[in-house]
Amino acid sequence: TFGEYMFPPESEEAAATINLLTRLFCQEYPINQEEMGAGEVGILIGRYPGDGYAGGNPWQLLTAVLAEVFYLGGQATFKDVKLRGDYTLSTEKNKEWMKLLKLKEGATAREMARAQVAAGDAVMTRLYAHVQEKDGIIDEQIDKHTGVQASAESLTWSYANILHALHVRKNLDPGDLTTTPRPTGGPTGSDSPTNNPTSDGPGPVTTPNPNPGSCCNIVKFSSAEGINANFPDYVGRYSKIDTDANDRGIFKKTDGDYYLHFVEDISHNFEAWIMSENVADDVANIINDSPKDCPDSAGQSWSWLNDDHWEIDTTAVVTCDDVPSTCCESVIVSSSGGVASQYPVYLGQYASTTVSGRQAYKKGDLFLFYLKDVANHIEGWTVGKNVARLGSLANFGAATCADSADGTWEYLSGNTWTSDSTLTVSCA
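Residues numbered from 1 in each chain as written. Predicted model: local features only at pLDDT ≥ 70, side-chain atom pairs only at ≥ 80, totals over all residues. Heavy atoms only, no water.

In this section: the pairing of strand 18 (residues 409–413). Relative to strand 18, strand 17 (residues 393–395) runs antiparallel, the two being bridged by two bridges. When the sheet's bridge partners are listed, Ala394 is paired in strand 18 with Glu410. Relative to strand 19 (residues 416–420), strand 18 runs antiparallel, the two being bridged by five bridges. The residue bridging Glu410 from the neighbouring strand is Ser419, located in strand 19. Linking strand 18 back to strand 19 in an antiparallel pair, the connection comprises two residues, with Gly414 at a positive phi of about 70°. (Pairing = 2+ DSSP bridges. Helix = DSSP H or I, 4+ residues; strand = E, 2+ residues; numbered from the N terminus.)

Written out as structure tokens, the structure reads:
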């Protein structure tokens, strides 16, 4: 779960793989059979079925990874519910997850998210039961017969994977899938958030989709008083990385894991731009609940949570910080070769956007962007739906602009990268 992957944790392929491996490891490890027979939750897994190294036992670090995959799957489903609202699962599209989690026909995405997180908790609970007796020392393996830790003692990798799984689990509370009331005592005014749903008046009104066509792709958040003094990590430059269901920008801090994004809670008559550590958050310590279509629009005020009440920071402001680009405003991707036959949806005109502070392009849910993945030694322009990983079309060079990329573009055919000498990226 560290780095990039062909099949993300929330995929059907991931669920099918988990289903197969857990059944095999249940059969292979007597400790799993014994504890499941006693009604214990969770499971211990190893490197692969039939492994003979050091006795062929469950591994702590891999069991933690299994839990993390469940957490990441729940996180992705949670985000989908936030964007789309709750919906009934498809017995075709969600078949493997429903089978793995024993969800019945008619189950909802909200229920699946909760079950995914609960499954991760069950795995971590089982793991904890086997490592708690050594005063915090975690070894490499767990004896498949006795359940006692074994093999390499105090293995750094074991600690790292367990801590990483717990980091993903942090703030991922299934209860958050229901609306959480905001604290009282917000900035003065009739539209301030309260702990109680609005009961008077005509009732909730759905906000129409904005048209933020002139919004900046890069913004700068500054403060000289309350927010800067209490939440200094949030001050800085943010780049647009995506849009939400209503086409409002989602921004990420260029030098940290902090997000500027829009939330809307109709039942509590609340909408705001907020700054938080997770794009799925709907509550935060920094908010602007007098929002306009763009976070950098004039006439907006920012507040910060001071213990149990909100304080307005009159010095806080979001300003446009776009950097002029020498690249084309829009580009056309053309091909008469392999990409045209295997990925025809990749062809056509892409409009300008920004990814990680750099010129990029978007067409529907596809991005044409520059990826620099140091961990996996990947650098170049690529096309895909996820701006955090390599897509199925790429040019492995260091060109500043997509239309000036050197060399031949390549596309993924099965598991092999194949050249398409006919593919071009040109200014529209």
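Here the narrative resumes.
Right, let's talk about unusual backbone geometry for a bit. The backbone phi angle of Lys102 is positive, close to 60°, even though this residue is not glycine. Along the chain, Lys102 falls in the loop between helix 4 (95–101) and helix 5 (109–131). Its relative accessible area of 72% is what places Lys102 among the exposed residues. Backbone geometry places Asp135, a non-glycine residue, at a positive phi of 55°. Among the secondary structure elements, Asp135 is positioned in the loop between helix 5 and strand 1 (141–142). (Buried < 20%, exposed > 50% of the residue type's maximum accessible area, 1.4 Å probe, protein only.)

The way to describe two aromatic rings as a pair is by their centre distance and the angle between their planes. By the definition in use, this model includes twelve aromatic pairs. Ring geometry for Tyr53 versus Trp59: centroids 6.2 Å apart, planes at 35°, classification tilted. The exposure class assigned to Tyr53 is partly exposed, which follows from its relative accessible area of 42%. For Trp59, a relative accessible area of 6% corresponds to the buried category. Between Phe262 and Trp273, the ring centres sit 5.3 Å apart and the planes meet at 80°, which makes this aromatic pair edge-to-face. Here Phe262, found in strand 6 (residues 259–265), pairs with Trp273, found in strand 7 (residues 270–276); they are eleven residues apart in sequence, far enough to count as distant. (Phe/Tyr/Trp six-rings, centres within 6.5 Å; stacked < 30°, edge-to-face > 60°.)

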